[in-house]
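If you want the building blocks of each chain, they are given just below.
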Protein chains: 4
Amino acid sequence: MPYSPEDKKRVITRLSRIKGQAEALARAVEEGTDCSALLQQIAALRGAANGLMAEVLDSHLRELFGSSSNATRPAVIDPDAEIDALMKMLRTYLK
Amino acid sequence: MPYSPEDKKRVITRLSRIKGQAEALARAVEEGTDCSALLQQIAALRGAANGLMAEVLDSHLRELFGSSSNATRPAVIDPDAEIDALMKMLRTYLK
Amino acid sequence: MPYSPEDKKRVITRLSRIKGQAEALARAVEEGTDCSALLQQIAALRGAANGLMAEVLDSHLRELFGSSSNATRPAVIDPDAEIDALMKMLRTYLK
Amino acid sequence: MPYSPEDKKRVITRLSRIKGQAEALARAVEEGTDCSALLQQIAALRGAANGLMAEVLDSHLRELFGSSSNATRPAVIDPDAEIDALMKMLRTYLK
């Protein structure tokens, strides 16, 4: 299920930012940075993970069910199985 | 505000796991992995960030207010300012 | 966009449970119940709201895009507008 | 563990609002309101539950560890047990 090149680039950029945040946090811990500052950085890393999730979810929904994907979409997809998989993931957020 | 060596090691281990997850996700995107699988991996990365937050928050609360820290705690801390900072961070989770 | 009678009944049952939780919490506050116990009850109410969200989201996705709804679905729906609305709501969870 | 009268009033007001939201949602479901609108209302109810949690958590932390409560606080509280209970609840948010 290939992304568009632009989608891929955006997602890879987000992932390298998250990697950078994790590295910066590790340095901060080594240097004994104050917990309050660490907690803020961790909240920012979590926010980045949520932003990544929203981006991939958005393009996944459009790829599956959006109008523009009608031409490119494989002839038959199993919408119910796709919705099952989506809900299984979303329920981890809806606890 | 130094951590105990064990605390530091645990937090650093969690951070390198998150870094590894971000790298694995970047490879998966490059390889055009199916979105459903990506969404599960991103949810796992987010779970790791939440686990890290819980770990650091736990040791922060104990360091500030726990009984064991009485001896080691600096003479005067400003509990109200610490609670302000804590709540400011926690509200980002309680939206 | 009518629900099935069973869907409706389940959602209404969940809502009356949430209402009951709110009333029980109000009594507990009036009686000066300990904060720890209140926090647990509030977390349960939030969990119930999340469960309700998952239930309605699940039936909404199936109604819009599921195979079973092909026969009953209005001739033309605007999938992109529906995905926009869905993502707008989901982003409130993905912060 | 009595609240101040102002605290109590604020929390009770929040709870009656949540009750009102649940009742309004039940009416909306009965009337067959569109799912998108319902999802927005449920997200608002969840936001209200989160706001309530933040409010009670804030006053609980101040009551336990804040400077102003020094005079009124019972002679000996078990900070470690209180932190255990707090983290147990917070981990439900940090999943």
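Residues numbered from 1 in each chain as written. Chains lettered and ligands numbered in written order. Predicted model: local features only at pLDDT ≥ 70, side-chain atom pairs only at ≥ 80, totals over all residues. Heavy atoms only, no water.

### Observations concerning the overall build of chain A
Here is the rule: By definition, any uninterrupted DSSP run of H or I lasting at least four residues is a helix, any uninterrupted run of E lasting at least two residues is a strand, and each is numbered from the N terminus. The buried label goes to any residue with under 20% of its type's maximum accessible area, the exposed label to any with over 50%, and the partly exposed label to all in between, with areas taken from a 1.4 Å probe on protein chains only. Contacts between residues were defined by any pair of non-hydrogen atoms, one from each residue, lying within 4.5 Å. Per-residue and other accessible areas follow the Shrake-Rupley method at a 1.4 Å probe size, with only the shown protein chains counted as cover for residues.
Helices and strands together make up the secondary structure of chain A, namely 4 helices and 0 strands. Each helix and strand of chain A, placed in order from N terminus to C terminus, yields the pattern α-α-α-α. Of all 95 residues assigned to chain A, the portion counted as buried reaches 48%. For chain A, the share of sequence-separated contacts (at least 6 apart) that also reach a separation of at least 24 residues comes to 55%. Per element, the accessible surface of chain A, about 4,300 Å² overall, is 55% carbon and sulfur.

### Digging into the relation of the copies chain B and chain A
What counts here: All copies are superposed by least squares; the fitting set is the C-alpha atoms of residues with a pLDDT of at least 70 in both.
The operation relating chain B to chain A is a screw motion whose rotation component is 180 degrees, with 0.0 Å of axial translation and a residual RMSD of 0.0 Å. Such values leave the two copies arranged in the relation of a two-fold axis. Ranked by how close their C-alpha atoms come to the rotation axis, the residues of chain B are headed by B:K19, at 2.5 Å. A share of 100% of the interface residues of chain B reappears at the interface of chain A, consistent with the copies meeting face to face through the same patch.

### A few points about the interface of chain D and chain B
Cut-off, in case you're wondering: Salt bridges are counted wherever a side-chain nitrogen of Lys or Arg sits within 4 Å of a carboxyl oxygen of Asp or Glu. A 3.5 Å cut-off defines polar contacts: any pair of N or O atoms within that distance qualifies, except that in protein one atom must be a possible hydrogen donor and the other a possible acceptor, and neighbouring residues in sequence count only when both atoms are side-chain atoms. Throughout, the ten residues Ala, Val, Leu, Ile, Met, Phe, Trp, Tyr, Cys and Pro are labelled nonpolar, Asp, Glu, Lys and Arg are labelled charged, and all others, Gly among them, are labelled polar.
Contact with chain D, which involves 23 residues of that partner, is made by 23 residues of chain B. The residue D:D84 makes a salt bridge to B:R62 at a minimum N-O spacing of 2.7 Å. Counting across the interface, chain D meets chain B through 6 residue pairs in polar contact (both at pLDDT 80 or more). Top element by residues in the side of chain D that touches chain B is helix α2 (residues 35-65) of chain D. It accounts for 10 residues. Taken together, the residues that form the side of chain D that touches chain B break down as 11 nonpolar, 5 polar and 7 charged.

### Quick word on the interface of chain B and chain A
What counts, and what does not: Summed over both partners, buried area is the accessible surface (1.4 Å probe) that two parts give up on being assembled.
Between chain B and chain A, the contact holds 40 residues from the first and 40 residues from the second. Buried surface at the junction of chain B and chain A, summed over both partners, amounts to about 3,700 Å²; 73% is from carbon and sulfur atoms. The residue B:K19 makes a salt bridge to A:E23 at a minimum N-O spacing of 3.3 Å. Inspection of the region where chain B meets chain A yields 6 residue pairs in polar contact (both at pLDDT 80 or more). At the level of secondary structure, the elements contributing two or more residues to the side of chain B that touches chain A comprise α1 (5-30), α2 (35-65) and α4 (79-90) of chain B. With 16 residues, α2(B) is the largest single contributor of residues to the side of chain B that touches chain A. Classifying every residue of the side of chain B that touches chain A gives 25 nonpolar, 7 polar and 8 charged.

### A closer look at the packing of aromatic side chains
Rules: Paired rings are identified among Phe, Tyr and Trp, the last through its six-membered ring, by centres lying within 6.5 Å, and are further divided according to the angle between planes into stacked (under 30 degrees), edge-to-face (over 60) and tilted (the rest).
Scanning the entire structure with this criterion turns up 2 aromatic pairs over all chains. Consider the rings of A:F65 and C:F65, whose centres lie 4.2 Å apart with planes at 0 degrees: the pair is stacked. Placement of the pair is A:F65 in helix α2 (residues 35-65) and C:F65 in helix α2 (residues 35-65), with the two residues belonging to separate chains. Here A:F65 and C:F65 have matching classes, each one buried.

### Here we look at the relation of the copies chain D and chain B
You can overlay chain D on chain B at an RMSD of 0.0 Å; the transform is a turn of 180 degrees with a shift of 0.0 Å along its axis. A share of 100% of the interface residues of chain D reappears at the interface of chain B, consistent with the copies meeting face to face through the same patch.

### Quick notes on α1(B)
Going by this rule: By this rule the span expected of a helix is its residue count minus one, scaled by 1.5 Å.
Over its 26 residues, α1(B) extends 38 Å from the first C-alpha to the last, a length consistent with the 38 Å expected when each residue adds 1.5 Å. Among all positions of α1(B), only B:D7, B:V11, B:L15, B:I18, B:A22, B:L25, B:A26, B:A28 and B:V29 are buried. In this structure, the buried residues of α1(B) make contact with α1 (5-30) and α2 of chain A together with α2 of chain B. Backbone geometry just downstream of α1(B) places B:G32 in the positive-phi region, at approximately 75 degrees.

### Details of the pattern of salt bridges
A pair can form between side chains of opposite charge whenever their charged atoms are brought close. Applying the stated rule across the entire model yields 28 salt bridges over all chains. A salt bridge links D:D58 to B:R91, with the shortest nitrogen-to-oxygen separation between them at 3.4 Å. With D:D58 in helix α2 and B:R91 in the segment after α4, this residue pair bridges two chains. Here D:D58 falls in the buried class, since its relative accessible area comes to 15%. For B:R91, a relative accessible area of 38% gives the class partly exposed.

### Digging into the environment of A:E55
All names here are of chain A. Summarising the element assignment, E55 is placed in helix α2. Through-space distance from the C-alpha of E55 to that of D7 is 8.7 Å; in sequence the pair is 48 residues apart. When neighbours within four sequence positions are excluded, E55 is seen to be in contact with R10, V11 and R14. Of note is the side chain of E55, whose polar atom sits 2.7 Å from the side chain of R14.

### A short note on the confidence of the model for chain A
Operational definition: What pLDDT reports is the predictor's confidence in each residue, on a scale of 0 through 100.
When pLDDT is averaged along chain A, the result is 87; 88% of the residues meet or exceed 70. Within chain A, α1(A) carries the highest mean pLDDT (95), whereas helix α3 (residues 69-72) of chain A carries the lowest (55).

### Details of the side chain of A:S36
Inspection of the secondary structure puts A:S36 in helix α2. Assessed through its relative accessible area of 17%, A:S36 is described here as buried. In contact with A:S36, other than residues within four places in its own chain, are B:H60, B:E82 and B:A85.

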